[in-house]
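Breakdown of the fold
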Amino acid sequence: MITLNFMGVKVITILSGGTGTPKLIQGIKKIYDQSKIKVIVNTLENNYFSGAYVAADIDTVMYTFADLINEKRWYGIKDDTFITNAELDKLNTPELLRIGDKDRALKIGKTQLLKNHSLAKAVDIQRKNLNIKAKIIPMSNEKSQMKIITNIGELEFHQFLISEKSEPVVEDVIFSNVKPADEVIPAIEESYMVIIGPSNPITSILPIISMKDVEKTLQNAYVVAVSPIIGSNPVSGPAGKFMNALGYEVSSYGVASIYSNFLNKFIIDNMDVKLKEKIEKIVEDVEVTNTKMTTTNTKKELAKLILKK
Ligand code: GDP
């Protein structure tokens, strides 16, 4: 592993959801000392499914560090089996989330740990047992909720995403305000750099930065973000619908406007070079590169550009 010599080994903190930022983490972990990486992960979508506590984004980040992630879905463990899931179908008690057998073990384990520990502690125990050196911090230990207001009524996030296949028109997104976990503010304060990966700005990042004191702390940090929007569409998923519903332009400019109060550097895709000047009016440093992470090399190159301060 190369440790970037212009960085030394200072702590960096990454804010993450469960698809775009984990891809970037694959690049960062190849060139940066893992023990100096902290990841604050969205917990708004956490809930119980089939009796097990599912912290989907946290588990995706864990599997990414442990090289176990199923990269086809950015959910669950690669080459997992689905024996329990199939039995649940046969018993006419199908599950909303299709959970793999090995993945279910981690989720059951977490459910057990939660009887005596906070979510932060349970995740810390699990990441150590998976030999992960990076620190994985749930944004909050509190139970939270997100409601998607649509043209067909009020939906839970997973109902919208899975049962309704993200098809309804989104009118509003409402999430409960929760207290940050104890480790969140100190992680940002001690970091040489905070990285906001290309995650859904509304359902993955806004819940983190809306918690008490987070935005204020980010204003005193060096913050770099990558746009999850290329042209006028997200690379994947429903981020565009959510941004539109909250009145943001669906473009990298729209993403920059959500983060502009605390952003030092913003990375946009080559396809959006024409927006550079417009974005420079709200963010001091705008870099243009290939942000579509399709290979190990594209992930590493993007990580290098981010880490260069
Ligand atoms: P979720 O928790 O599964 O919604 O995942 P995230 O919020 O972490 O990531 C979803 C976002 O990742 C979407 O808005 C995508 O546009 C973005 N994304 C996925 N792959 C890439 C990529 O290769 N490059 C960029 N720039 N964005 C990506």
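Residues numbered from 1 in each chain as written. Predicted model: local features only at pLDDT ≥ 70, side-chain atom pairs only at ≥ 80, totals over all residues. Heavy atoms only, no water.

Backbone-to-backbone hydrogen bonds join strands into a sheet, with any given pair of strands oriented parallel or antiparallel. Taken in spatial order, the three strands line up as E7-E6-E8 in an open sheet, and their pairing is antiparallel. The open sheet has two edge strands with one neighbour each: strand E7 (153-156) and strand E8 (170-175). The mean inter-strand angle of the sheet, taken between neighbouring strand axes irrespective of direction, is 25°. The sheet contact formed by strand E6 (residues 146-150) and E8 spans five bridges and is antiparallel. Across the sheet, Met146 pairs through a bridge with Phe175, a residue of E8. In the packing of helix H8 (residues 201-209) onto the sheet, contacts are made with E6 and E8, and the angle to E8 comes to roughly 25°. (Pairing = 2+ DSSP bridges. Helix = DSSP H or I, 4+ residues; strand = E, 2+ residues; numbered from the N terminus. Axes fitted to C-alpha atoms, helices over the stretch in contact; angles between N-to-C directions. Contact = heavy atoms within 4.5 Å.)

On to the site of the ligand, then. Lining the immediate environment of the ligand, one finds 20 residues, of which Thr19, Ser199, Asn200, Ser204 and Val235 sit closest. At 2.8 Å, a side-chain N or O of Lys23 approaches a nitrogen atom of the ligand. Within the backbone of Met293, an N or O atom sits 2.9 Å from an oxygen atom of the ligand. Contact with the protein chains hides 92% of the accessible area of the ligand, taken as 600 Å² for the molecule alone. (Near = heavy atom within 4 Å. Polar contact = N/O pair within 3.5 Å; in protein donor to acceptor, adjacent residues only side chain to side chain. Areas by Shrake-Rupley, 256 points an atom, 1.4 Å probe, with all protein chains shown as cover.)

Moving on, we get to the nonpolar core. One recurring pattern in soluble globular proteins is that nonpolar side chains are buried together. Of all hydrophobic cores here, the largest spans 48 residues; its most connected members are Ile40, Ile209, Tyr259 and Phe266. With five residues, the top contributor of residues to this core is H8. Excluding residues within four positions of it along the chain, Tyr259 makes contact with Ile196, Ser199, Pro201, Ile205, Ile209 and Ala225. Core analysis: the next-biggest nonpolar cluster, separate from the first, contains 39 residues, Ala55, Phe65, Ile195 and Leu302 among them. (Core = buried A, V, L, I, M, F, W, Y, C linked by side-chain atoms within 4.5 Å. Buried < 20%, exposed > 50% of the residue type's maximum accessible area, 1.4 Å probe, protein only.)

Looking now at unusual backbone geometry. The phi dihedral of Asp67 falls on the positive side, at around 60°, and the residue is not glycine. In this structure Asp67 comes out as partly exposed when scored by relative accessible area, which is 46%. The residue Asp79 is not glycine, and still its phi comes out positive at about 55°. The exposure class assigned to Asp79 is exposed, which follows from its relative accessible area of 72%.

Each packed pair of helices is defined by two parameters, the angle between the axes and the distance between the axes. For the pair helix H4 (residues 101-113) and helix H5 (residues 119-129), interaxial distance at closest approach is 9 Å and the crossing angle is 135°. Of the possible angle classes, the one that applies to H4 and H5 is oblique. Crossing handedness for the pair H4 and H5: right-handed. Counted together, Leu106, Gly109, Lys110 and Leu113 of H4 and Leu119, Ala122, Val123, Ile125 and Gln126 of H5 form the full contact between these two elements. Here the residues of the contact of H4 with H5 sort into six nonpolar, two polar and one charged. (Parallel < 35°, antiparallel > 145°, perpendicular 65-115°, else oblique. Left-handed = near helix turned anticlockwise from the far one by under 90°. Nonpolar A, V, L, I, M, F, W, Y, C, P; charged D, E, K, R; others polar.)

Time to look at the sheet that holds strand E9 (residues 193-196). One open sheet accounts for seven strands, arranged E5-E2-E1-E9-E10-E13-E14; its pairing is parallel. With partners counted over all chains shown, the strands left at the sheet margins are strand E5 (135-138) and strand E14 (285-289), one partner each. Taking each pair of neighbouring strands and ignoring which way they run, the sheet shows an average axis angle of 20°. Sheet analysis places strand E2 (residues 37-41) next to E5, joined by four bridges and oriented parallel. Bridge assignment links Lys38 to a residue of E5, and that residue is Lys135. Contacts between helix H1 (residues 20-31) and the sheet are confined to strand E1 (12-16), E2, E9 and strand E10 (223-226), with E1 contributing the most and set at about 155° to the helix. Across the sheet, helix H13 (residues 296-307) is in contact with E1, E9, E10, strand E13 (265-269) and E14; its angle to E13 comes to roughly 155°.

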